[in-house]
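Chains, contacts and geometry: an overview
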Amino acid sequence: MTAPFSRIAVIGLGLLGGSVARAIAACLPDAVTTGFDADPQVRARARAIGLVDTVAETAGDAVRAADLLVLCVPVGAMGAAATALAGDLPAGAIVTDVGSSKASVARALAEALPDHVVIPAHPVAGTEQSGPDAGFATLFRNRWCIVTPPEGVDPAALARLVGFWEALGARVETMDAEHHDRVLAVTSHLPHLIAYTIVGTASDLEQVTQSEVIKFSAGGFRDFTRIAASDPTMWRDVFLSNREAVLEMLQRFTEDLTELQKAIRKGDGETLFDHFTRTRAIRRGIIAMGQDDARPDFGRSDHAGADKPA
Ligand code: NAP
């Protein structure tokens with residue numbers, strides 16, 4: 001396959017930037033990569049582990065010869081990161097990003113780089129880790145990457161960008177940025193908010209000690225703690241940038257929660273049973289689409305079967 005790009009600049013060398021860089025090295029070995037991170041310690045570490053071919057000391061130096069720019073900084077930093085390199089980015093370079101919300105990032109990038117082709121994207125793949133050591137080359141393999149092309153985008157540029165994400169192993173779907181933000185509000189942003197809330201609530205309880213919460217966490221709590229360990233900067237920015245869609249989904253969630261609360265109070269087992277039957281089917285659908293492990297307890301081999309949730 002012809003490589004869609006040959007000189008790729010990655011700005012932000014944390015989990016996502018590091019994974020993009022590693023995936024390029026593994027899947028597009030002829031492409032030359034440059035990188036920059038605002039944090040000098042991250043730059044030093046990226047150099048030490050050879051994350052990209054060249055780690056530059058400024059964002060401008062990193063992008064000077066690029067034909068593709070991939071911005072991998074927190075959503076709230078996208079505009080500033082793009083502005084810092086605007087004067088050095090070659091005119092024909094295509095710009096994309098990996099931010100978890102899209103409408104606000106699309107606006108910020110279009111404003112910072114008005115003369116470039118900007119095609120925002122969001123690989124729906126990640127972990128609760130951050131930093132340059134956290135990434136891995138297979139992060140995008142068989143995961144969805146949602147590309148949100150602006151209206152009237154050059155079809156050839158879009159095809160090249162889609163080819164890039166597919167080369168890294170992703171399955172690509174295109175949609176508009178606003179739709180992306182509503183879909184992700186319910187599939188990712190709201191679950192994170194719920195996890196952050198539950199873990200905070202459990203740690204604030206007076207009647208149950210912290211050591212009991214940790215000891216008996218296999219009852220369900222520990223699966224929330226993984227999500228609630230996600231990067232605070234990243235998630236602060238996601239909620240602030242996708243505020244409206246998150247608030248809309250939160251309103252729906254609160255209404256549904258109140259319904260379940262009512263059913264519990266009234267002893268209405270039928271409502272609870274019907275609801276749980278419906279949600280179980282969703283889990284089966286996710287497994288059928290190859291988006292998670294079908295084994296009990298997510299395939300934690302030492303616990304499977306033996307450690308049933310209470
Ligand atoms: P990360 O591991 O914290 O890496 C982000 C890096 O960008 C940090 O080293 C940060 O430095 C640096 N940075 C911040 N502002 C910068 C700037 N203006 N110029 C250059 N570098 C800058 O975060 P991540 O998890 O890779 O997330 C990066 C992006 O990926 C976010 O937009 C996030 O929404 C998106 N995303 C994340 C996941 C996930 O699961 N983590 C999944 C999909 C998409 P400082 O620490 O000094 O600020």
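Residues numbered from 1 in each chain as written. Predicted model: local features only at pLDDT ≥ 70, side-chain atom pairs only at ≥ 80, totals over all residues. Heavy atoms only, no water.

1. Quick word on the overall build of the protein chain
We apply this condition: Counting from the N terminus, the helices are DSSP H or I runs at least four residues long and the strands are E runs at least two residues long. Computation of the radius of gyration draws on C-alpha atoms, with the globule rule given as 2.2 Å multiplied by the number of residues to the power 0.38. Here the term buried applies to any residue with accessible area under 20% of the maximum for its type, exposed to any over 50%, and partly exposed to those in between, with areas from a 1.4 Å probe on protein chains only. In this description, contact between two residues means that some pair of their heavy atoms is separated by no more than 4.5 Å. Using a 1.4 Å probe, accessible areas were evaluated by the Shrake-Rupley method; residue-level cover was limited to the displayed protein chains. Under the convention used here, Asp and Glu are negative, Lys and Arg are positive, and both His and the chain ends fall outside the count. One atom stands in for each charge, and that atom is NZ of Lys, CZ of Arg, CG of Asp or CD of Glu.
Scanning the protein chain from terminus to terminus reveals 12 helices and nine strands. For a compact globule of 310 residues, the expected C-alpha radius of gyration is about 19 Å, and the protein chain comes in at 21 Å, within 12% of that figure. The buried share among the 310 residues of the protein chain stands at 41%. Of the contacts formed within the protein chain by residues at least 6 apart in sequence, a portion of 74% connects residues at least 24 apart. Only carbon and sulfur atoms are counted for the fraction: they give 56% of the accessible area of the protein chain, which is about 16,500 Å². Here the protein chain carries 29 positive and 39 negative side-chain charges, and the mean point of each set is 5 Å from the other.

2. Topic: the pairing of strand 5 (residues 94-97)
Keep this limit in mind: By definition, the crossover connecting two strands over a helix is right-handed if that path, from the first strand to the second, turns clockwise as seen with the strands pointing away from the viewer. By the convention used here, strands pair only if DSSP detects at least 2 bridges between them.
Alternating residues of strand 5 divide into I94 and T96 and V95 and D97, and every residue in both groups is buried. Considered for its hand, the β-α-β crossover made up of strand 4 (residues 68-71), helix 4 (residues 78-85) and strand 5 is right-handed. Judged from the two bridges that link them, strand 5 and strand 6 (residues 117-118) form a sheet pairing that is parallel. Within strand 6, the position partnered with I94 by the bridge is V117.

3. Some details on the nonpolar core
Under the convention used in this document: Working definition of a nonpolar core: buried Ala, Val, Leu, Ile, Met, Phe, Trp, Tyr and Cys residues. They are joined through side-chain atoms within 4.5 Å.
One finds V20, F140, F164 and W165 to be the most contacted residues of the largest nonpolar core, which totals 40 residues. For this core, the secondary-structure elements that each account for two or more residues are strand 1 (7-11), helix 1 (15-27), helix 2 (40-48), strand 4, strand 8 (144-147) and helix 6 (155-167). Top element by residues in this core is helix 6. It accounts for seven residues. The residues contacting W165, other than those within four sequence positions of it, are V20, T96, D97, V98, A121, P123, F140, C145, V147, A170 and V172.

4. Some words on the sheet that holds strand 8
Under the convention used in this document: Structural elements are reduced to axes, namely lines fitted to C-alpha atoms, with helices fitted over the stretch in contact, and the angle between N-to-C directions of any two is expressed from 0 to 180 degrees.
Within the open sheet, the three strands sit side by side as 7-8-9. Their pairing is mixed. At either margin of the open sheet sits one strand with a lone partner, and together these are strand 7 (121-123) and strand 9 (171-174). Neighbour-to-neighbour, the strand axes of the sheet open up by a mean angle of 20°, direction not taken into account. Taken together, the four bridges between strand 8 and strand 9 define a ladder with parallel strand orientation. The residue bridging W144 from the neighbouring strand is R171, located in strand 9.

5. Here's the deal with the side chain of D37
Selection rule: Salt bridge, as used here, is a side-chain nitrogen of Lys or Arg placed within 4 Å of a carboxyl oxygen of Asp or Glu. Under the rule applied, a polar contact is a pair of N or O atoms within 3.5 Å (in protein, one hydrogen donor and one hydrogen acceptor; residues adjacent in sequence only if both atoms are side-chain atoms).
Within the secondary structure, D37 is located in the loop between strand 2 (32-36) and helix 2. No salt bridge forms around the buried D37; measuring N to O, its nearest opposite-charge neighbour R43 is 6.1 Å away. There is a polar contact of 2.7 Å between the side chain of D37 and the backbone nitrogen of L13. At 2.9 Å, the side chain of D37 forms a polar contact with the backbone nitrogen of D39. Aside from chain neighbours lying at most four places away, what touches D37 is G12, L13, G14, V42 and R43.

6. Some words on the site of the ligand
The criterion, for reference: Throughout this document, a residue counts as near a molecule or strand when at least one of its heavy atoms sits within 4 Å of that molecule or strand. Basically, the charged four are Asp, Glu, Lys and Arg, the nonpolar ten are Ala, Val, Leu, Ile, Met, Phe, Trp, Tyr, Cys and Pro, and anything else, Gly included, counts as polar.
The ligand sits among 28 residues. The nearest are L16, D37, V73, S100 and G131. V73 is positioned with one of its backbone polar atoms (N or O) 2.7 Å from an oxygen atom of the ligand. One nitrogen or oxygen atom from the main chain of V75 is found 3.4 Å from an oxygen atom belonging to the ligand. Looking at the shell around the ligand, the elements with two or more residues in it are helix 1, helix 4 and strand 7. Residue composition of the shell around the ligand, grouped by class: 17 nonpolar, nine polar and two charged.

7. Thoughts on the pairing of strand 4
Burial along strand 4 is two-sided: the residues L68 and V70 and L69 and L71 are all buried. As judged from the four bridges shared by strand 1 and strand 4, these two strands associate in the parallel manner. Counterpart to I8 in the pairing with strand 4 is L68. Where strand 4 lies against strand 5, four bridges are found, and the strand directions are parallel. Following the sheet pairing, V70 is matched in strand 5 by T96.

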